[in-house]
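What follows is each chain in one-letter form.
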Amino acid sequence: MEQELRVRFAPSPTGPFHIGGARSALFNWLLARKEGGKLILRIEDTDLERSTRESEENIKASLRWLGLEWDEGIDVGGEYGPYRQTERLDLYRQYTDKLLTSGHAYYCYCSEAELDADRQEQMNQGETPRYTGRCRNLSQADCDRFSADGRKPTVRFRVPENQQIVFKDLVRDTVSFDSNGVGDFVVVKSDGIPVYNYAVVLDDALMKITHVIRAEEHLSNTPRQILIYQALGLPLPQFGHISLILGKDRTKMSKRHGATSVEQYKKLGYLPEGIVNFLALLGWAPPGEQEIFSAAELIEQFSMERVAKNPAVFDVDKLNYINAHYIKQADPALITELALPHLQESGYIKEQLTPEKKEWLIKVVAELQGYISYAAQITDHIDVFINDDFDFESEEAHEIMKDTDVPQVIEVFKARLAALDPVEPAAVQAILKGITKELKLGGKKVYMPVRIAITGKMHGPELINLIPLIGKERTLARIASLLAKV
Ligand code: GLU
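The paragraphs below set out a description of the structure included in this document. Just so you know, these numbers come straight off a predicted model, no measurement behind them.

A few words now on the overall build of the chain. Counting secondary structure elements, the chain contains 21 helices and twelve strands. Of the roughly 23,400 Å² of accessible surface on the chain, 50% is carried by carbon and sulfur atoms. Distance from the positive charge centre (59 side chains) to the negative charge centre (71 side chains) of the chain: 1 Å.

Put into structure tokens, the structure is as follows:
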């Protein structure tokens with residue numbers, strides 16, 4: 001029977017969930033769903049100082065929001081738990097004993113100061129710093145003496161000399177490292193906590209992970225990890241290192257490039273479907289020209305063969321283009337919900353929303369959905385629906401209102417609107433059409449002055465929808481106050 005594909009996403013809960021992490025999670029999720037395999041979520045919290053439960057919660061919430069559910073792991077459980085590294089320390093200890101007994105690892109009593117001095121010395125000589133091997137061959141008596149001095153040892157992995165570490169990466173093809181460049185490295189710190197490079201191997205092996213798909217920044221960790229697999233006689237998974245994400249200026253993605261955490265995008269009112277669609281294209285090239293993909297389509301088309309080696313560029317304009325597609329299709333009530341905190345923050349909505357006002361707001365949002373990329377942008381367009389106190393947006397708009405036909409157009413429009421009840425789009429349409437016919441004017445000669453009279457602007461949302469939403473009284477009042485300014 002063919003082995004079941006098992007992939008994992010193994011974040012360190014040390015800060016807000018980065019968009020790059022979400023991309024790694026997504027690729028693993030797509031692979032698992034495509035192959036009918038399992039996705040495991042493991043929390044790598046061995047950096048005790050920087051790991052927080054808050055960050056772990058944020059990662060889980062972000063994954064769930066994106067729809068990237070996992071099959072095993074933290075919260076959901078499974079056969080190979082616990083799934084938080086700090087709860088697996090006993091397990092790691094057993095393997096450390098094995099490594100020590102077989103001589104693949106040794107206790108190192110070097111102090112930070114000694115290691116620093118070595119490093120400095122090597123750098124002064126123009127060498128790449130690596131462990132000198134001072135504790136490589138300590139006798140039991142040496143160890144006892146250091147212990148008696150109160151020194152607490154780390155456990156260091158003994159890197160074999162003159163060995164080529166070669167593996168076939170699913171993205172990068174054959175990768176090889178010279179073991180002489182690696183240097184004996186710490187696997188367990190003096191406080192008994194294993195380092196990432198060690199715990200990750202034990203977990204991936206014990207959790208029967210078949211494919212390790214992760215960010216390129218871990219490529220240089222892979223030779224160390226492979227040496228540990230070999231020392232313990234554990235089967236190697238396949239590795240696939242997906243490329244870095246760069247900003248548009250081709251430097252590493254950072255805060256300077258705008259929002260970097262999933263939560264920030266969520267707060268701005270991006271939709272999970274849009275983010276997932278966009279992230280899938282960050283490093284994966286679909287076989288055809290298609291750009292808009294549902295999750296189901298992504299699962300169907302995704303393959304590691306089409307994951308690119310070269311860096312992916314995070315293009316916010318493309319994200320906005322893709323997200324706009326999903327915004328357009330979304331339920332206006334949802335977009336309203338997402339826009340609401342921004343409308344409150346910018347002062348457009350001050351009081352508690354009554355059910356009537358909410359219903360009105362949803363209709364307004366429905367009108368604006370086609371103009372925005374994410375919900376917060378509603379604040380850039382809503383003024384025309386809310387603010388009755390405005391001026392001409394430009395001299396050009398003002399000039400148009402001085403045309404000879406304009407007074408008549410506006411007079412007729414006012415009279416007809418005043419007589420209209422209820423004010424509905426079709427009826428408004430009929431009024432405007434009627435005026436063009438009766439006064440024998442082109443559409444623009446009618447629609448433009450009416451629009452300017454009502455908004456001060458030459459462009460904006462559909463007039464026939466705008467007017468019913470502003471309502472008869474406010475529309476007439478707006479016209480009166482703007483005409484006074486002509
Ligand atoms: N905890 C590591 C990180 O967040 C995971 C690396 C890996 O996937 O092996 O970068």
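The next subject is the environment of I327. Tracing the sequence through the fold places I327 in helix α11 (residues 316-329). In sequence terms I327 and A61 are 266 residues apart; their C-alpha atoms lie 21 Å from each other. What I327 contacts, discounting residues up to four positions off in sequence, is G269, L271, I335, Q369, I372, S373, Y374 and A375.

A separate point is the pairing of strand β10 (residues 238-242). Across the five residues that make up β10, a large majority, four, are buried. In this sheet, β10 lies alongside strand β9 (residues 211-215) in parallel orientation, the contact comprising five bridges. From the neighbouring strand, H211 faces β10, where its bridge partner is Q238.

Turning our attention to the sheet that holds strand β4 (residues 105-108). If you walk across this open sheet you meet the three strands as β4-β5-β8, and the pairing is antiparallel. Pairing within the sheet leaves two strands with one partner each, and these edge strands are β4 and β8 (185-188). Each strand of the sheet is rotated relative to its neighbour by a mean of 45 degrees, with strand direction disregarded. In this sheet, strand β5 (residues 154-157) lies alongside β4 in antiparallel orientation, the contact comprising four bridges. Along β5, the bridge assignment pairs Y107 with V155. Across the sheet, helix α3 (residues 89-102) touches β4, β5 and β8, and the angle it forms with β4 is around 95 degrees.

Here the focus is the site of the ligand. All residues in the neighbourhood of the ligand are listed as R8, A10, P11, S12, E44, Y196, V200, R214 and H218. Between the ligand and Y196, the relevant distance is 2.6 Å, taken from an oxygen atom to a side-chain nitrogen or oxygen of the residue. Here an oxygen atom of the ligand and a side-chain polar atom of R214 are 2.8 Å apart. Notes on the ligand: free accessible area 300 Å², of which the protein chains cover 83%. Tallied by class, the residues present in the shell around the ligand amount to four nonpolar, two polar and three charged.

The next subject is the packing of aromatic side chains. As enumerated under the stated definition, the model contains twelve aromatic pairs in all. An angle of 80 degrees between the planes, with centres 5.0 Å apart, marks the rings of F278 and F314 as edge-to-face. Of this pair, F278 sits in helix α9 (residues 272-280) while F314 sits in the loop between β12 (312-313) and α11, placing them 36 residues apart in sequence. Take F278 and F314: they sit in the same class, and that class is buried. Between W284 and F302, the ring centres sit 5.8 Å apart and the planes meet at 40 degrees, which makes this aromatic pair tilted. Taken together, the residues W284 in the loop between α9 and α10 (295-301) and F302 in the loop between α10 and β12 connect sequence positions 18 residues apart. The same class applies to W284 and to F302, which are both buried.

Moving on, we get to the pairing of strand β7 (residues 173-178). Relative to β7, strand β6 (residues 164-169) runs antiparallel, the two being bridged by six bridges. Along β7, the bridge assignment pairs K168 with T174. Counting the residues between successive antiparallel strands, the hairpin from β6 to β7 contains three residues.

The geometry of helix α19 (residues 443-455) relative to helix α21 (residues 472-483) is characterised by a closest axis approach of 7 Å and an angle of 95 degrees between their N-to-C directions. Classified by the angle their axes make, α19 and α21 are roughly perpendicular. Each of I452, A453, I454 and T455 in α19 lies in contact with α21, whose residues at this interface are T475, R478, I479 and L482. For the contact of α19 with α21, a count of residues per class yields five nonpolar, two polar and one charged.

The next thing to look at is the packing of helix α18 (residues 425-438) against α19. Viewed as axis vectors pointing N to C, α18 and α19 meet at an angle of 130 degrees, and their least axial separation amounts to 8 Å. In this view, α18 runs oblique relative to α19, as classed from their interaxial angle. For the crossing formed where α18 meets α19, the hand is right-handed. Touching Q429, L432, K433, I435 and T436 of α18 are G443, V446, Y447 and V450, all from α19. The residue makeup of the contact of α18 with α19, split by class, is five nonpolar, three polar and one charged.

What counts and how
Residues numbered from 1 in each chain as written. Predicted model: local features only at pLDDT ≥ 70, side-chain atom pairs only at ≥ 80, totals over all residues. Heavy atoms only, no water. Helix = DSSP H or I, 4+ residues; strand = E, 2+ residues; numbered from the N terminus. Areas by Shrake-Rupley, 256 points an atom, 1.4 Å probe, with all protein chains shown as cover. Lys, Arg positive; Asp, Glu negative; His and termini not counted. Charge placed at Lys NZ, Arg CZ, Asp CG, Glu CD. Contact = heavy atoms within 4.5 Å. Buried < 20%, exposed > 50% of the residue type's maximum accessible area, 1.4 Å probe, protein only. Pairing = 2+ DSSP bridges. Axes fitted to C-alpha atoms, helices over the stretch in contact; angles between N-to-C directions. Near = heavy atom within 4 Å. Polar contact = N/O pair within 3.5 Å; in protein donor to acceptor, adjacent residues only side chain to side chain. Nonpolar A, V, L, I, M, F, W, Y, C, P; charged D, E, K, R; others polar. Phe/Tyr/Trp six-rings, centres within 6.5 Å; stacked < 30°, edge-to-face > 60°. Parallel < 35°, antiparallel > 145°, perpendicular 65-115°, else oblique. Left-handed = near helix turned anticlockwise from the far one by under 90°.

Nothing here speaks to function; it is geometry throughout.
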